[in-house]
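Residue-level structural notes
Chain by chain, the residues run as shown.
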Amino acid sequence: MKCIYLLTLFFTLPFFAQQKTVQGKVTDQNRIPIPYVTVSIKNSSIGTATDNNGNYQITFQESDHPIIVFSAVGYQTITRDLPANTTVSLNIILQEDLEQLDEIVITSNRTRETLDEVPSSVSVLSSAQIENLAKTSNAMADVLMEVPGLALGTNQTSSVGQTLRGRNMLVLIDGIPQSTPLRKGSRDINTVDPSTIERIEVIKGATAIYGNGSDGGIVNYITKKPNRGRKLESTTTLGTEGGLVDINNTIGAKVVQTLSGTIDKVSYVASGSFRQTGVYKDADGTVISPYYGLGETSQYSALGKINYDITDRQSIALMYNYFSSRQDSDYIAQVGVYGESPTIGVLGVDPGEDQGNRYNHNAQLTYDYADIFTNTDFRLNLYLQDFKTVYGFTDSFYDPNLAFDGGQSMIASTKKGVRFNFKTSYHFGAIQGDLLYGLDALNDKTSQSLVDGRPWVPQLDMRNFAPYAQLKAIYKNFVFKGGIRLENIKIEIPDYTTLVRYNPGETEPNSGGVSINGGELDYNATTFNVGLRYNKWSVFKPFVSFSQSFSVADLGRTLRSATENTVEQINSEAVIANNYEIGFNSRIGKTQLAGAYYVSTSDLGSTYRETESGAFEILRQPEKVYGFELSLNTEIARNLNFGTSVSYTQGKIDTNDDNSYKQYMGSDRIPPVKTVTYLAYNWKEKFDIRLSHIYSGSRDHFDPNDQGDYTYGQGPVEDFNIVNLTTNYQLSPSTELGIGIKNLFNTDYYNLISQWSARDSNYIKANGTQFNLSLTVKL
């Protein structure tokens with residue numbers, strides 16, 4: 001018996017003796033803790049990750065030469081040999097990897113990945129890029145103008161025609177949906193101030209994991225994060241702007257104050273801004289039409305974030321963002337003639353209320369629990385959006401019986417949602433990866449009425465319940481991703497009567513007055529995505545993908561012009577878009593290349609067509625959208641960078657349902673070719689200057705009618721060139737002076753929407769040369 005005991009002790013004692021624990025903290029060069037750093041033992045499956053404070057602890061069986069590996073997105077991977085002690089305290093400082101910094105992708109609160117793990121096209125704008133682009137921008141739509149595949153903005157509150165790859169996109173703020181797909185109001189892009197944004201991610205192509213309305217992809221505005229390296233950091237920006245052609249009445253101003261820091265387990269951000277714009281003028285110094293305009297506007301913005309680390313593995317965060325934009329103009333529109341003379345602004349009194357986004361409230365509570373059970377992280381999101389926007393006064397709402405000379409419409413939308421998100425990491429031999437799965441629940445109540453109280457679109461009450469799963473598998477140089485989402489949507493529609501419409505000055509209605517029996521519409525669909533990327537060679541990393549999206553095609557527009565007596569008779573089927581894509585990323589020395597070719601199809605369309613009465617209907621014929629994107633960025637000399645990109649999109653409709661696709665889609669969906677070229681120079685991190693050129697091509701595929709007029713979306717589009725200039729000078733370590741010049745050469749042109757809309761009232765010139773001067777002090 002003693003022999004057996006001694007033998008057992010002899011064989012088991014070495015295993016107990018070889019147990020080792022390593023613990024410590026991982027920080028960056030500024031001693032700021034880095035969360036989510038992967039800590040692993042080389043040549044083994046043992047690993048862990050740092051918590052929100054950068055702390056880690058890993059236990060393993062000691063080998064002859066144990067080596068511990070620290071790796072994180074955006075940082076250089078380092079290894080350390082371990083001493084023979086049983087318990088080791090090891091603090092690590094990671095250095096930034098500049099080549100990786102541009103590859104970080106954070107997609108709508110789901111997970112954190114590098115570009116090499118995503119088999120699709122992605123564009124990311126960093127904080128520095130946003131600050132630079134904002135110096136030559138009148139709104140968020142202009143900040144996005146250089147993104148390949150995204151159409152140019154309108155210089156208006158509306159983003160009509162600013163599509164992503166020829167389809168509608170889902171706009172998010174920290175993962176909270178801003179778009180109103182039930183009644184597409186096209187006011188979702190300009191719903192936040194650039195000063196509150198940390199980064200912008202544009203995920204291109206139909207997506208199967210983000211829900212209703214992402215046929216062309218998503219644009220996610222990610223708000224500023226707390227500074228974890230200081231107890232208090234203050235950033236103050238004072239700015240002024242105006243026109244350089246005729247500066248009279250064009251001067252505006254902006255002030256931004258941001259406080260950020262970390263005290264013990266609490267980190268925070270508090271930011272507020274106020275901006276007031278002056279009169280906008282074209283290249284001739286003529287006041288442009290204020291209708292839907294951005295001039296003479298007061299904008300208010302506020303952001304608050306507070307994070308609390310409950311334990312090393314648990315944290316809770318609360319975010320609130322507010323944005324408001326109201327136009328109070330001394331001018332009214334003097335309507336021109338399409339193709340001949342522009343619509344301009346003349347002194348006068350608008351009979352309506354101030355137009356613009358009355359308010360946009362966003363609030364979110366996020367709870368994280370790292371390693372809630374074996375190799376699994378959990379995230380809970382509770383969010384709310386409350387949005388209201390008011391459009392301009394028009395006599396098309398004339399009603400002699402109610403003594404209304406016209407009216408203004410407004411859209412009100414309230415969203416409440418919850419997301420349960422789990423991420424389980426796995427390791428099977430040479431294959432590793434993670435499984436992302438969970439449940440989204442959303443309640444969206446959207447309506448459109450007139451300011452005077454007349455209902456136009458009844459309140460649509462949507463309940464969306466959608467489980468999903470996303471698998472990522474990495475085997476050597478291959479990355480495979482596949483996902484599924486099960487959409488379960490119910491939309492309740494009350495009984496309502498369509499709005500009675502009159503031609504101005506007439507007493508007999510031309511449409512409306514139809515009593516509609518309400519009901520419930522059910523939409524159930526399963527969407528998929530699958531993709532493969534190969535990362536062996538840095539000079540050529542190809543990928544191929546297929547993805548689907550689900551969207552209810554502007555149900556509100558269909559309902560407000562309905563002629564049937566019951567909801568069940570209305571053609572309101574959802575659109576399933578199929579996106580096929582092949583592309584690559586490449587790095588050759590200091591040169592980066594990227595390209596993609598895509599085809600997007602749908603059996604049902606969502607293209608608008610203007611009827612003879614001026615109302616719109618949605619065409620349901622099959623659609624095909626296709627195109628390509630190419631981009632290049634390189635350092636051509638020390639501190640001198642050059643970049644260029646080209647985006648081409650085309651779209652056609654199968655009007656005969658015979659797979660012929662002969663009819664071109666309108667330019668309200670399909671933009672002309674776009675190229676962006678820039679040259680940037682940085683001198684000793686004290687002075688930088690950037691010159692950019694944007695070219696928008698021509699598009700002319702349609703003929704006028706017998707009267708020589710074009711229908712909406714089919715007006716011919718002429719090409720134009722814009723050159724912008726930005727420069728920054730570091731006056732002191734804490735003070736920076738910035739200057740931006742938009743439309744440097746005072747090009748006289750019409751925005752895209754002014755050309756393709758083919759309407760007299762919308763035939764408005766673009767802005768002439770504008771300046772932006774700012775002073776930023778960081779303490």
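Before going further, it helps to examine the overall build of the protein chain. Regarding its fold elements, the protein chain presents six helices and 46 strands. Computed over C-alpha atoms, the radius of gyration of the protein chain comes to 28 Å, within 12% of the 28 Å expected from 2.2 N^0.38 for 779 residues, which places it in the range of a compact globule. Reported as C-alpha extents along the three principal axes, the dimensions of the protein chain are approximately 110 × 60 × 45 Å. Here the protein chain, with 779 residues, has 54% of them falling under the buried criterion. As displayed, the protein chain has an accessible area near 33900 Å², and 55% of this comes from carbon and sulfur atoms. The average position of the 67 basic charges and that of the 83 acidic charges among the side chains of the protein chain differ by 9 Å.

Let us now look at the packing of aromatic side chains. Between two aromatic rings, the relevant description is the distance of the centres plus the angle of the planes. Taken as a whole and judged by the stated rule, the model has 21 aromatic pairs. Here the aromatic rings of Tyr534 and Trp537 are separated by 5.1 Å at their centres, their planes lie at 70°, and the arrangement is edge-to-face. Of the aromatic side chains, those joined through ring pairs into one cluster are Tyr367, Tyr369, Phe373, Phe378, Phe422 and Tyr437. Sitting over the face of the ring of Tyr391, Arg187 holds its NZ or CZ atom 4.2 Å from the ring centroid.

Ordered in space as β3-β2-β5-β6, the four strands form an open sheet in which the pairing is antiparallel. Of all the strands in the sheet, the pair left with one neighbour each is β3 (47–49) and β6 (78–81). Strand after strand, the sheet turns through a mean of 20° between neighbouring axes, direction not considered. In this sheet, β6 lies alongside strand β5 (residues 67–71) in antiparallel orientation, the contact comprising four bridges. Each bridged residue has a counterpart across the sheet, and for Ile67 the counterpart in β6 is Asp81.

In this section: the sheet that holds strand β15 (residues 217–223). Within the open sheet, the five strands sit side by side as β11-β14-β15-β12-β13. Their pairing is mixed. The sheet terminates laterally at β11 (122–125) and β13 (176–177), the two strands that pair on one side only. Of the pairings in the sheet, the one linking strand β14 (residues 197–204) to β15 comprises seven bridges and is antiparallel in character. Of the residues in β15, the one forming a bridge with Arg199 is Ile222.

Here the focus is the nonpolar core. As a rule of thumb, soluble globular proteins bury nonpolar side chains together. Counting 26 residues, the largest nonpolar core has Leu460, Ile491, Ile493, Tyr523, Phe550 and Leu555 as its most contacted members. Taken together, the elements giving at least two residues each to this core come down to β27 (455–475), β28 (478–493), β33 (519–534) and α5 (555–560). If we ignore the near neighbours within four places in the chain, the residues touching Ile493 are Pro458, Leu460, Gly518, Gly519, Leu521, Leu555, Leu559 and Val567. Met169, Val192, Ile197 and Ile200 belong to the second-largest nonpolar core, a separate cluster that totals 20 residues.

Attention now goes to the environment of Val69. If you trace the backbone, Val69 turns up in strand β5. On the basis of relative accessible area, Val69 is assigned to the buried category, the value being 15%. Spatially, the C-alpha atom of Val69 lies 6.1 Å from that of Ile41, the residues being 28 residues apart in sequence. Apart from residues no more than four positions distant in its own chain, Val69 is found in contact with Thr38, Val39, Ser40, Lys42, Thr77, Ile78 and Thr79.

Here we take up the environment of Asn381. By the element assignment, Asn381 lies in strand β24 (residues 376–390). Once the C-alpha coordinates of Asn381 and Ile203 are considered, the two residues, 178 residues apart in sequence, prove to be 21 Å apart.

Leaving glycine aside, a negative phi is the common case for residues, and trans is the common case for peptide bonds. Although it is not a glycine, Asn155 adopts a positive phi angle of roughly 60°. Locating Asn155 in the fold gives a position in the loop between α4 (140–143) and β12 (169–173). Take Asn155: its relative accessible area is 11%, and that puts it in the buried class. Even without being glycine, Asn639 reaches a positive phi, approximately 70°. For Asn639, a relative accessible area of 30% corresponds to the partly exposed category.

Of the residues in the protein chain, 91% have a pLDDT of 70 or more, and the chain-wide mean is 88. Scored below 50 in pLDDT, residues 1–17 makes two contacts in the model with residues more than four places away or belonging to other chains.

Quick look at the environment of Lys476 now. By the secondary structure assignment, Lys476 is in the loop between β27 and β28. Between the C-alpha atom of Lys476 and that of Ala430, which follows or precedes it by 46 residues, the distance is 7.1 Å.

So, about helix α3 (residues 127–134). An α-helical turn contains 3.6 residues, so a residue and the one three or four places further along point in the same direction. Among the residues of α3, those classed as buried are Ser127, Ile130, Asn132 and Leu133. Packing partners of the buried residues in α3 comprise β11, α4, β14, β43 (687–696) and β44 (720–732).

Turning to the pattern of salt bridges, a few remarks are in order. Where charged atoms from two side chains of opposite charge approach closely, those side chains can pair. A complete count under the given rule lists 31 salt bridges for this structure. Between Asp246 and Lys281 there is a salt bridge, with the nearest N and O atoms lying 3.1 Å from each other. Highlighted residues: Asp246 in the loop between β16 (233–243) and β17 (252–263) and Lys281 in the loop between β18 (266–276) and β19 (297–309), separated in sequence by 35 residues. You can call Lys281 buried: its relative accessible area is 11%.

Structurally, Lys204 is set in strand β14. Engagement of the side chain of Lys204 in a polar contact is seen with the backbone oxygen of Pro148, the distance being 2.8 Å. Excluding residues that lie within four positions of it along the chain, Lys204 makes contacts with Ser121, Ser123, Val147, Pro148, Leu164, Arg165, Gly216, Gly217, Glu581 and Glu629.

Moving on: the side chain of Gln408. Relative to the helices and strands, Gln408 resides in the loop between β24 and β25 (409–428). At a separation of 2.6 Å, a polar atom in the side chain of Gln408 contacts the main-chain amide nitrogen of Glu353. At a separation of 2.9 Å, a polar atom in the side chain of Gln408 contacts the main-chain carbonyl oxygen of Tyr391. Dropping the residues within four chain positions of it, Gln408 is found in contact with Gly352, Glu353, Val390, Tyr391, Gly392, Phe393, Phe397, Ser449, Leu450 and Val451.

Conventions used here
- Residues numbered from 1 in each chain as written.
- Predicted model: local features only at pLDDT ≥ 70, side-chain atom pairs only at ≥ 80, totals over all residues.
- Heavy atoms only, no water.
- Helix = DSSP H or I, 4+ residues; strand = E, 2+ residues; numbered from the N terminus.
- Rg over C-alpha atoms; globule rule 2.2 N^0.38 Å.
- Buried < 20%, exposed > 50% of the residue type's maximum accessible area, 1.4 Å probe, protein only.
- Areas by Shrake-Rupley, 256 points an atom, 1.4 Å probe, with all protein chains shown as cover.
- Lys, Arg positive; Asp, Glu negative; His and termini not counted.
- Charge placed at Lys NZ, Arg CZ, Asp CG, Glu CD.
- Phe/Tyr/Trp six-rings, centres within 6.5 Å; stacked < 30°, edge-to-face > 60°.
- Lys NZ or Arg CZ within 6 Å of the ring centre and 35° of its normal.
- Pairing = 2+ DSSP bridges.
- Axes fitted to C-alpha atoms, helices over the stretch in contact; angles between N-to-C directions.
- Core = buried A, V, L, I, M, F, W, Y, C linked by side-chain atoms within 4.5 Å.
- Contact = heavy atoms within 4.5 Å.
- pLDDT = per-residue confidence, 0-100.
- Salt bridge = Lys/Arg side-chain N within 4 Å of Asp/Glu carboxyl O.
- Polar contact = N/O pair within 3.5 Å; in protein donor to acceptor, adjacent residues only side chain to side chain.

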